[in-house]
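Overview (structure and organization)
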Amino acid sequence: MSKIFRDKTLGGSSKRHNIDFQVALPMQPVEHLPSPFGAPNLSDSELRETAYEILVGACRSSGTRPLTYIPQSEKPERAPTATPSASLQRSLTSSAASRVKKALGLKTTSSLSSKRRVAAVGGGGESVSQGRVKKAVTTGELMRVQMRVSEQTDSRIRRALLRVAAGQLGRRMESMVLPLELLQQFQSPDFPNQLEYEAWQRRNLKVLESGLLVHPHLPLEKTNTTAQQLCQIIRGALEKPIETGKHSESIQVLRGVVMTLACRSFDGSTSETCHWADGFPLNLRLYQVLLEACFDINEETTIIEEVDEVLELIKKTWAILGLNQMLHDLCFSWVLFHHYVVTGQVEIDLLFASNNLLIEIEKDAKAITDPVHSEVLSSTLSLILGWAEKRLLAYRDTFHSGNIESMQSVVSLGVLSAKILVEDISHEYRKKRKEINVTRERVETYIRSSLSTAFAQKTEKMNSGKRISKNQNSSRPALSILAQDVSELALNEKEIFSPILKSWHPLAAGVAVATLHSCYGYELKQYITGISELTPDAVQVLRAADKLEKDLVQIAVEDAVDSDDGGKSIIQEMPPYEAEAVMANLVKSWIKTRVDRLKEWTDRNLQQEVWNPQANKERFAPSAVEVLQIIDETLEAFFLLPIPMHPVLLPELMTGFDRCLQHYILKTKSGCGGRSTYIPSMPALTRCSTGSKFHGVFKKKEKSQITLKRKSQVETPNGDNSFGIPQLCVRVNTLQQIRTELGVLEKRMIAHLENTERTLTESIANGTGKKFVLSKAACGEGIQQLCEAMAYKIIFHDLSHILWDGLYVGEVSSSRIDPFLQELEQYLEIVSSTVHDRVRTRVITDIMKASFDGFLLILLAGGPSRAFTQHDSEIIEEDFKFLTELFWSNGDGLPADLINKFSTTVKSILALLRTDTESLIEQFRRMILEIYSSSAKSKLPLPPTSAQWDPTEPNTILRVLCYRNDEMAAKFLKKTYNLPKKL
């Protein structure tokens, strides 16, 4: 046998400690294992006696000295019971270290136990008297005691073998049928009583039946007459004992039949070797009985120290039993393994020794060609593999830190058995040799099965915990607890089991965590499918899942550092849980729900909003207060969510807020109109009619018609009172308040971000990028629109009856600007007291601009009811001065430079009113010729209406001429453009 070294991982230290393993390791329940060698029709005691007979016969046959027999009554006290062969006579030397034990990794028996056994053997199994000097104990005597054979039986066997040897000098035991020879040597008187004789005869006949008929070396045909004859003889003898002895006729008939069957050969010739105990599995069952003698009868878990000498004797039976080294190793491996199991699994050395023998078997198995040998090997290894896998497929239920030492032997036993079965016996494997790594595949199966089982146990515990927590109001969700349990399970696996399993699988820990990752992933997927909104429990579960995944991946990566693929194969087995993505989607759903609610609330409350200036002292809409309050509360609730990605998801929330506020702002300014809504359309150009005596009458009639027409043109687009000047002021205030609060919200958001888990500057910057872009722009545009709408509504709608219908209608001197200024001042007081301080200047500025526009519109597009002489320009300039002074208000109103800025255009038009008609006509002609060049020589084209009044623009000058009340202007317009006198 090749030299075998003991693995330090099994024994820890090579030093052996004299400990009681029945105390150190708890005894397991005794298991029943069926024998792989079948169950012959012989009892254990019959097998044991037959095996002993074969042993003694084999040793006699191989010895160098003849056997001599001394009757029991003639033995001296200190003489041996017989003079055996050299093998049996060899003295025991228990002090020498056993080579077999060392090779198999078995510990040495205590000297006290060895002395006790030697004393028992020396005393023939009886008590030893003190002070009495004992004889030297031989190996043969030890075997007798170990096999529980009485001295009387031993003496009879040796006596019979001496007679056989005397009668058949030089004949080897292999050429004899031992049971037949024994039957020929003894008769009834050689036994203490008839019953013992009959039992002895029946046993030998049953041995012949088992070895020649039931388990023959060569298969028997059913038509074999010799076999039928032997069967009849044995049946008859079992009913009525036959006469035995050397000269018995029955025995002679039996001999003829037995020898014919025993000496058969494959080629049909007569063999010199008798085959009566070498048929499978009888031979292995007998050999098993012999090998069991290697165990101490006083300590059944211990191999005797004299195992080297005992095995040397036992191997002498190979020729009779038809065995070889491989079958010896297989049978011995089974005996060691079986003994470990049936003695409560307390002596790990037995398992280790059995495993070491399997290593030798693996080397020999490749050369097996005999199908019977293959079948025996397969049945034995299948039983060992079945036992091992029963433990390894759920190894966490079997092994723990206290007994982990035995796991390596069990794994090795299982893996070696599977490997030999698949690689050396399976024909299927030989075809696919390159595709299968049996060792790795089996260990991977053990890991996946065990971890799946462990996870299932944790899940069952979780489910039972759910039922308990319903009554106890547990604060942690079950899947969160399970994630922590699985993480602890993975760490425990990595520390205790993976180091052992790594000997056979380089990614043992990786396979374990991949299995746990898959198991938990399935539970998590089921959970995620059932949740539709973000709850504290959902957040806890997803965060626990994310942490678990990171722990498992970390173990897998560390385990794969030295692997060929760097662990890619394992990582590919672990598709991400994407817990953060799931959490993010739930948060997005949470955001969408609240933004949608806010929008619905905004629509509903805006429909009820009356824009009452008295609603609060700040004089902005209550609905805006509530909108901003909801946004603030939602923002705070968002940052209270126990999630790690506030900065990432904040932009989505802010975008939702931004759109809601934009929606509110657009609704706020909706329907309020603008500058173009209130400015009246300009009437068609006409020329003045001078010197008519019906001038006054015509003007009065025309005035009433124009008034009706203007009223229809300047009606407010919506008759609702919510669009009054005070209400428009409230709308402006509301937008200004929203614009102010946007800055407050941004500061609050930054403060929240600084308190979150991720406080990096970059995260804060990412979370606070450009916020409320739409709202800010909408606020600016809304305030501008509302200010203009308010200004032009006041001038062109609310005061149109004074401005448009009264100012300069008829005689200029009798319809001046004073009434308009009085009314306008009242409106300015209302606006000043209502509108927000920060927008007051802007609103009044827009009113001033609107009044200037109205003033110019009267002068340049006031319709045929108005006509101005060159001398009227002084009155008009004075009226405009009164208008600007109203807005300056002795320094308490608008700044003078602002007033001057916006009055420039009006002053330039007033300069045209002072200009004489001839100059105006000449100026107009020159401009037309410059613009239209040669095409204007025959006829002056009518210039289009300009967008802005401008003294350097021909349309503006033309309009001054249209409203110039003199003959030259009227003739020019008549001749050049044929303009009518009235509409």
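Residues take numbers from 1 onward in each chain, read along the sequence in its written order. Only residues with pLDDT of at least 70 are given local features in this predicted model, and only at 80 or more are side-chain atom pairs given and counted; all residues enter the totals for whole chains, interfaces and linings. Hydrogens and water molecules were not included; the side-chain quantities draw on all heavy atoms of the structure.

Looking at the overall build of the protein chain
- Each helix is a run of H or I in the DSSP string that is no shorter than four residues. Each strand is a run of E no shorter than two, and both are numbered from the N terminus. Looking only at helices and strands, one finds 42 helices and 0 strands in the protein chain.
- Expressed as a percentage of the 983 residues in the protein chain, the buried residues total 52%.
- In what follows, a contact means two residues having at least one pair of non-hydrogen atoms within 4.5 Å. Within the protein chain, residue pairs in contact and separated by at least 24 positions form 79% of the contacts whose partners lie at least 6 positions apart.
- The protein chains shown are the only cover counted for residues, whose accessible areas, like all others here, come from Shrake-Rupley with a 1.4 Å probe. Within the structure as shown, the protein chain displays about 46,400 Å² of accessible surface, and the carbon and sulfur contribution to it stands at 51%. Whether a residue is buried, partly exposed or exposed follows from its accessible area with a 1.4 Å probe, protein chains only, as a fraction of its type maximum: under 20%, in between, or over 50%, in that order.

As for the pattern of salt bridges
- Put simply, a salt bridge is a Lys or Arg side-chain nitrogen that is within 4 Å of an Asp or Glu carboxyl oxygen. Scanning the entire structure with this criterion turns up 33 salt bridges.
- The partner of Asp596 in a salt bridge is Lys592, and the shortest N-O contact between them spans 2.9 Å. Linking Asp596 with Lys592, this pair stays in helix H27 (residues 579–608), spanning 4 residues, or about one helical turn.
- Among the residues examined, Asp596 registers a relative accessible area of 32% and is labelled partly exposed.
- We note a salt bridge from Lys849 to Asp846, for which the minimum N-O separation is 3.9 Å. With Lys849 and Asp846 both in helix H37 (residues 837–861) and 3 residues apart, the pair spans about one turn of that helix.
- Taking the relative accessible area as the measure of exposure, Lys849 reaches 28% and is therefore partly exposed.

A short note on the packing of aromatic side chains
- Between 30 and 60 degrees the pair is tilted, below 30 it is stacked and above 60 it is edge-to-face, where a pair is any two Phe, Tyr or Trp rings, Trp via its six-membered ring, whose centres lie within 6.5 Å. Overall, the coordinates contain 20 aromatic pairs when judged by the stated rule.
- Between Phe337 and Trp387, the aromatic rings sit 5.0 Å apart at their centres with planes inclined by 80°, giving edge-to-face as the arrangement. Placement of the pair is Phe337 in helix H16 (residues 325–342) and Trp387 in helix H18 (residues 371–392), with a sequence separation of 50 residues.
- Classification of Phe337 as buried rests on a relative accessible area of 0%.
- Judged by its relative accessible area of 4%, Trp387 is buried.
- Ring plane angle 5° and centroid distance 5.7 Å describe the contact between Tyr792 and Phe796, whose orientation is recorded as stacked. Here Tyr792 pairs with Phe796, and both are found in helix H34 (residues 773–798), just 4 residues apart, close to one helical turn. Side by side, Tyr792 and Phe796 carry an identical accessibility label, which is buried.
- The rings of Tyr808, Phe852, Phe855, Phe868, Phe880 and Phe887 are connected pair by pair, giving a single aromatic cluster.

Details of the side chain of Arg959
- Its place among the elements puts Arg959 in helix H41 (residues 954–962).
- In summary, the charge assignment counts Lys and Arg as positive and Asp and Glu as negative, without counting His or the chain termini. We note that Arg959 is buried and unpaired, the nearest opposite charge coming from Glu953 at a distance of 7.4 Å.
- Among all residues touching Arg959, those that are not within four sequence positions of it are Met682, Leu685, Leu860, Ala861, Thr945 and Trp949.

Comments concerning the state of the cysteines
- Two cysteine sulfurs form a disulfide in these notes if their separation is within 2.5 Å. Counted under the stated rule, the structure contains 0 disulfides.
- Of the cysteine sulfurs around Cys787, a residue in no disulfide, the closest is that of Cys729, at 8.7 Å.
- Taking the relative accessible area as the measure of exposure, Cys787 reaches 0% and is therefore buried.

Section: the packing of helix H29 (residues 646–669) against H34
- Axes here refer to lines fitted to C-alpha atoms; in helices the fit is confined to the stretch in contact. Angles between the N-to-C directions go from 0 to 180 degrees. At a closest axis distance of 8 Å, the pairing of H29 and H34 adopts a crossing angle of 10°. Considered as vectors, H29 and H34 are oriented roughly parallel to each other. Contacts between H29 and H34 involve Asp658, Arg659, Leu661, Gln662, Ile665 and Lys669 from the former and Val773, Leu774, Ser775, Ala778, Cys779, Glu781, Gly782, Gln785 and Leu786 from the latter.
- Each residue is assigned to one of three groups, with Ala, Val, Leu, Ile, Met, Phe, Trp, Tyr, Cys and Pro labelled nonpolar, Asp, Glu, Lys and Arg labelled charged, and all others, Gly among them, labelled polar. Among the residues making up the contact of H29 with H34, the classes are represented as 7 nonpolar, 4 polar and 4 charged. For classification purposes, angles smaller than 35 degrees are called roughly parallel, those larger than 145 roughly antiparallel, those between 65 and 115 roughly perpendicular, and all remaining angles oblique.

Remarks on the confidence of the model for the protein chain
- One confidence number per residue, pLDDT, is output by the predictor and ranges from 0 to 100. Looking at the protein chain as a whole, the pLDDT averages 83, with 83% of positions reaching at least 70.
- When pLDDT is averaged over each helix and strand of the protein chain, the minimum, 36, is found for helix H1 (residues 8–11) and the maximum, 95, for helix H13 (residues 282–291).
- Segment residues 64–84 is flagged for pLDDT under 50; beyond a separation of four residues in sequence, or across chains, it makes 28 contacts in the model.
- Confidence over residues 123–136 falls short of pLDDT 50; this stretch has 14 contacts with residues more than four positions distant or in other chains.

Points about the environment of Thr439
- Relative to the elements of secondary structure, Thr439 occurs in helix H22 (residues 438–472).
- Take Thr439: its relative accessible area is 14%, and that puts it in the buried class.
- The spatial distance from the C-alpha of Thr439 to the C-alpha of Lys419 is 6.4 Å, given a sequence separation of 20 residues.
- Those residues within four positions of Thr439 in sequence are excluded, and the remaining contacts are Val415, Lys419 and Trp504.

Some words on helix H39 (residues 896–914)
- The seven residues ending at a residue and the seven starting there each receive a fitted axis; the angle between those axes is the bend at that residue. Taken as a whole, H39 carries its principal kink of about 50° at Ser903.
- Among all positions of H39, only Leu898, Ile899, Ser903, Val906, Ile909, Leu910, Leu912 and Leu913 are buried.
- Considering only its buried residues, H39 is in contact with H37, helix H38 (873–888), helix H40 (917–932) and H41.

Digging into the nonpolar core
- To define a nonpolar core, start from buried Ala, Val, Leu, Ile, Met, Phe, Trp, Tyr and Cys residues and group those joined through side-chain atoms within 4.5 Å. Core analysis: the largest hydrophobic core is formed by 283 residues, its most contacted members being Leu254, Tyr520 and Leu824.
- The biggest single contributor to this core is H37, with 14 residues.
- Once you skip the residues sitting within four places of it in the chain, Leu254 turns out to touch Leu180, Leu183, Leu205, Leu208, Leu230, Ile233 and Ile242.

Re the environment of Leu182
- By the secondary structure assignment, Leu182 is in helix H9 (residues 178–185).
- As a C-alpha pair, Leu182 and Glu53 span 129 residues in sequence and 9.6 Å in three-dimensional space.
- Non-local contacts of Leu182, meaning those with residues more than four positions away in its chain, are made with Glu53, Ala160, Trp200 and Asn204.

Structural notes on H38
- The span one expects for a helix is its residue count, reduced by one, times 1.5 Å. Taking 1.5 Å per residue, 16 residues should reach 22 Å; H38 reaches 22 Å between its end C-alpha atoms and fits that length.
- Residues of H38 that are buried: Ser873, Ile875, Ile876, Asp879, Phe880, Leu883, Thr884, Leu886 and Phe887.
- At its buried positions, H38 is contacted by helix H36 (818–834), H37 and H39.
- Once H38 ends, the next one or two residues include Ser889, with phi positive near 50°.

Side note on unusual backbone geometry
- The linkage connecting Phe280 with the following residue, Pro281, adopts the cis geometry, with an omega of 0°.
- Tracing the backbone through its elements, the reader meets Pro281 in the loop between helix H12 (249–262) and H13.
- A positive phi angle is found at Trp611, which is not glycine, with a value near 55°.
- Topologically, Trp611 is positioned in the loop between H27 and helix H28 (622–640).
- Overall, Trp611 belongs to the buried group, its relative accessible area being 3%.
- Within the chain, Asn890 stands out as a residue other than glycine whose phi angle is a positive 55°.
- In this fold, Asn890 is placed in the loop between H38 and H39.

Some details on the environment of Glu874
- With respect to the helices and strands, Glu874 occurs in helix H38.
- We classify Glu874 as exposed; its relative accessible area is 59%.
- Separated by 40 residues in the primary sequence, Glu874 and Arg914 have C-alpha atoms spaced 7.9 Å apart.

Comments concerning the packing of helix H7 (residues 139–146) against helix H14 (residues 307–314)
- As a packed pair, H7 and H14 sit with axes 10 Å apart at the nearest point and diverge in direction by 85°. Here H7 is positioned roughly perpendicular relative to H14, judged by the angle of their axes. Residues Thr139, Gly140, Leu142 and Met143 of H7 pack against Glu309, Val310, Leu313 and Ile314 of H14.

Some details on the side chain of Gln201
- For Gln201, the location among the structural elements is in helix H10 (residues 194–214).
- Judged by its relative accessible area of 1%, Gln201 is buried.

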